[in-house]
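In case you want the letters, here they are:
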Amino acid sequence: MTSTFEREVLVRFGHCDPAGIVFFPRYYELLNAFVEDWFNEGLGVEYATLIGARRVGLPTVQLQTSFERISRIGERLVQRLWIERVGRSSLTLRIRFDGPDGTRVSFGQVLVCTSLDTHQSQPFPDDVRAALVRAVQQQQSSEQ
C-alpha cells in the first residue's frame, strides 16, 4: 500500500536512553510531530492555526502500538502514514516508522475533531474534510 505522507527522521541523542536505543515514550513524541507535519505539509492545513485561532482540537482517543525492533542513535527512520477511515468527526490512521531492516514501530491512531471551547466532538471543518478527502483519493489512485 502506498502511503499518503512520508518523511525521514534522524534518531537523535535526545530520543535515546542510556543504552543508546530509542526510549519508548519518545516514539509518541515523534508520532505527534509527524501527524502535525502531515497536517501542515501533506494536507495544507496549518495545524497551529487550527488549534489556536480556529479552536479546533484533534485529540487522540485511541492508540494502538506495536514495538517491533529497536532503533539506535544515528539511524534514519522513514515515517509513513496511511488514512484508513475518515468519518464525520473522526479519523483513523495507520502509521509506521521503518528502518533499513524493517518496521521498528507501528501505530493505529484515532483522532476526533473537537471544539476547544466546549470539548465536545464536532464535524470536521469543510476545508479540513476536503483536504482529507483529497488525500484519500490520492492514496487510492496511487494504489491502482
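Conventions used here
- Residues numbered from 1 in each chain as written.
- Predicted model: local features only at pLDDT ≥ 70, side-chain atom pairs only at ≥ 80, totals over all residues.
- Heavy atoms only, no water.
- Helix = DSSP H or I, 4+ residues; strand = E, 2+ residues; numbered from the N terminus.
- Buried < 20%, exposed > 50% of the residue type's maximum accessible area, 1.4 Å probe, protein only.
- Pairing = 2+ DSSP bridges.
- Salt bridge = Lys/Arg side-chain N within 4 Å of Asp/Glu carboxyl O.

Enquirer: Got a minute to help me understand unusual backbone geometry in this structure?
Expert: Across the chain, the bulk of peptide bonds are trans and the bulk of non-glycine residues have phi less than zero. Backbone geometry places R55, a non-glycine residue, at a positive phi of 60 degrees. One can find R55 in the loop between α2 (47–51) and β2 (56–57). By relative accessible area, R55 is classed as partly exposed at 34%.

Enquirer: What is the right way to look at the pairing of strand β6 (residues 102–112) in this model?
Expert: Here is the key point about a regular strand: its side chains alternate between the two faces of the sheet. In terms of burial, β6 is a largely internal element, 10 of the 11 residues being buried. Note that strand β3 (residues 60–67) and β6 share seven bridges and pair antiparallel. Residue pairing across strands places Q64 opposite G108, the latter belonging to β6. As defined by bridge partners, strand β5 (residues 90–99) adjoins β6 across 10 bridges and the pair is classed as antiparallel. If you follow I95 over to β6, its bridge partner there is F107.

Enquirer: Mind showing me how you'd approach the pattern of salt bridges here?
Expert: Any two side chains of opposite charge can pair if their charged atoms end up close together. Taken as a whole, this structure holds 12 salt bridges when the rule is applied. R54 serves as the salt-bridge partner of D127, at 2.8 Å between the closest nitrogen and oxygen. Taken together, the residues D127 in helix α3 (residues 126–143) and R54 in the loop between α2 and β2 connect sequence positions 73 residues apart. Residue classification places R54 among the partly exposed residues on the basis of a relative accessible area of 34%. Measuring nitrogen to oxygen at the nearest pair gives 2.9 Å for the salt bridge that ties D98 to R96. Its relative accessible area of 8% is what places D98 among the buried residues.

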